[in-house]
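# Observations on chain architecture
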Amino acid sequence: GPKVLQIPSHQIIDMGQMVTLNCDPVSNHLYFYWYKQILGQQMEFLVNFYNGKVMEKSKLFKDQFSVERPDGSYFTLKIQPTALEDSAVYFCASSGQPGTEVFFGKGTRLTVV
Amino acid sequence: QQQVRQSPQSLTVWEGETAILNCSYEDSTFNYFPWYQQFPGEGPALLISIRSVSDKKEDGRFTIFFNKREKKLSLHITDSQPGDSATYFCAATLNNYAQGLTFGLGTRVSVFP
């Protein structure tokens, strides 16, 4: 089936540094999402992105977070600066049309030390 | 307060038995309820979904029962197979392009041969 690819699968970074998580969504999809899952907790919605703009974001999407998809390349989540509480698995997802299936990637495990 | 609650946290059944996973939600505006299956090291994959206009959805061995009045739903896995061993997430959303999915904590299902 359609695949959402996330790069890298693991990332360890020093607190205060910048990190960029990369996502290659399903090729003809138009809506892109990031979710965050802390170990033992539920997956939580961060943001969705359509037509070059953030459509909706949750309270977890701090000012230090930003998303973009320049020229149809990777859909990225940038955290600058990182904090210890940003350690989590970040899942990228994409969908074609509203109300259609949302496909998830395997996640990027981010560890901030 | 959790918007989507799942029970039990974990469930063990023998091969051939029916596994019943429960889910309840708070927000009465939710109208789309997908269930995701996740294997270790993988991202969540859509298993089956239901819209609030229906009270039952069946797909092979997987059936969702939905009670809008009580804001409850359940996933039944009949003739459980060892390959069904995974974590199952109930999710909910208002079915438009902007709203992200609200996930429960998941139910870990183990099927023993």
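One structure accompanies this document, and this report is about it. Predicted model only: the values in this text are computed from it and were never measured. (Residues numbered from 1 in each chain as written. Chains lettered and ligands numbered in written order. Predicted model: local features only at pLDDT ≥ 70, side-chain atom pairs only at ≥ 80, totals over all residues. Heavy atoms only, no water.)

Our next topic: the environment of Ser 74 of chain B. Residues and elements named next belong to chain B. As for its placement among the helices and strands, Ser 74 is situated in strand S8 (residues 72-77). When the C-alpha positions of Ser 74 and Leu 21 are compared, they lie 5.4 Å apart, and in sequence the two are 53 residues distant. In this view, Ser 74 contacts Ile 20, Leu 21, Asn 22, Trp 35, Thr 63, Ile 64 and Phe 65; residues no more than four positions away in its chain are not counted. A distance of 3.3 Å separates the side chain of Ser 74 from the side chain of His 76, its partner in a polar contact. (Helix = DSSP H or I, 4+ residues; strand = E, 2+ residues; numbered from the N terminus. Contact = heavy atoms within 4.5 Å. Polar contact = N/O pair within 3.5 Å; in protein donor to acceptor, adjacent residues only side chain to side chain.)

On to the state of the cysteines. Simply put, the disulfide is a covalent bond whose two ends are the sulfur atoms of two cysteines. Taken as a whole, this structure holds two disulfides over all chains when the rule is applied. Covalent S-S linkage joins Cys 23 of chain A and Cys 92 of chain A, the inter-sulfur distance amounting to 1.9 Å. Here the S-S torsion is close to -70°, and the disulfide linking Cys 23 of chain A with Cys 92 of chain A is therefore left-handed. Separated by 69 residues along the polypeptide, Cys 23 of chain A in strand S3 (residues 19-24) and Cys 92 of chain A in strand S9 (residues 88-95) bring together distant segments of the chain. Cys 23 of chain B shares a disulfide with Cys 90 of chain B; S-S distance 2.0 Å. Looking down the S-S bond of the Cys 23 of chain B and Cys 90 of chain B bridge, the torsion is -70°, so its handedness is left-handed. On the criterion of sequence distance, the pair formed by Cys 23 of chain B in strand S3 (residues 19-25) and Cys 90 of chain B in strand S9 (residues 86-92) is long-range, its members being 67 residues apart. (Disulfide = S-S within 2.5 Å.)

Going through the model one piece at a time under the given rule, you end up with 17 aromatic pairs over all chains. Relative to Phe 103 of chain B, the ring of Tyr 35 of chain A lies with its centre 5.7 Å away and its plane at 90°, an arrangement referred to as edge-to-face. With one member in each of two chains, Tyr 35 of chain A in strand S4 (residues 31-37) and Phe 103 of chain B in strand S10 (residues 102-103) form a pair that bridges those chains. Relative accessible area serves as the criterion here: at 1%, Tyr 35 of chain A is assigned to the buried category. With centroids separated by 5.7 Å and ring planes inclined at 50°, the aromatic side chains of Tyr 36 of chain B and Phe 103 of chain B adopt a geometry described as tilted. Of this pair, Tyr 36 of chain B sits in strand S4 (residues 32-38) while Phe 103 of chain B is found in strand S10, placing the two residues 67 residues apart along the sequence. The exposure classification of Tyr 36 of chain B matches that of Phe 103 of chain B, with both residues buried. Put simply, the rings of Tyr 35, Phe 45 and Phe 104 of chain A together with Tyr 36, Phe 89 and Phe 103 of chain B pair up and form one aromatic cluster. (Phe/Tyr/Trp six-rings, centres within 6.5 Å; stacked < 30°, edge-to-face > 60°. Buried < 20%, exposed > 50% of the residue type's maximum accessible area, 1.4 Å probe, protein only.)

This paragraph deals with unusual backbone geometry. In this model, Ile 7 of chain A is joined to Pro 8 of chain A through a cis peptide bond whose omega is -5°. Across the junction of Ser 7 of chain B and Pro 8 of chain B, the peptide omega takes the value -10°, indicating a cis bond. Looking at the element boundaries, Pro 8 of chain B is found in the loop between strand S1 (4-7) and strand S2 (10-14). Even without a glycine there, the phi angle at Asp 79 of chain B is positive, about 45°. In this fold, Asp 79 of chain B is placed in the loop between S8 and S9.

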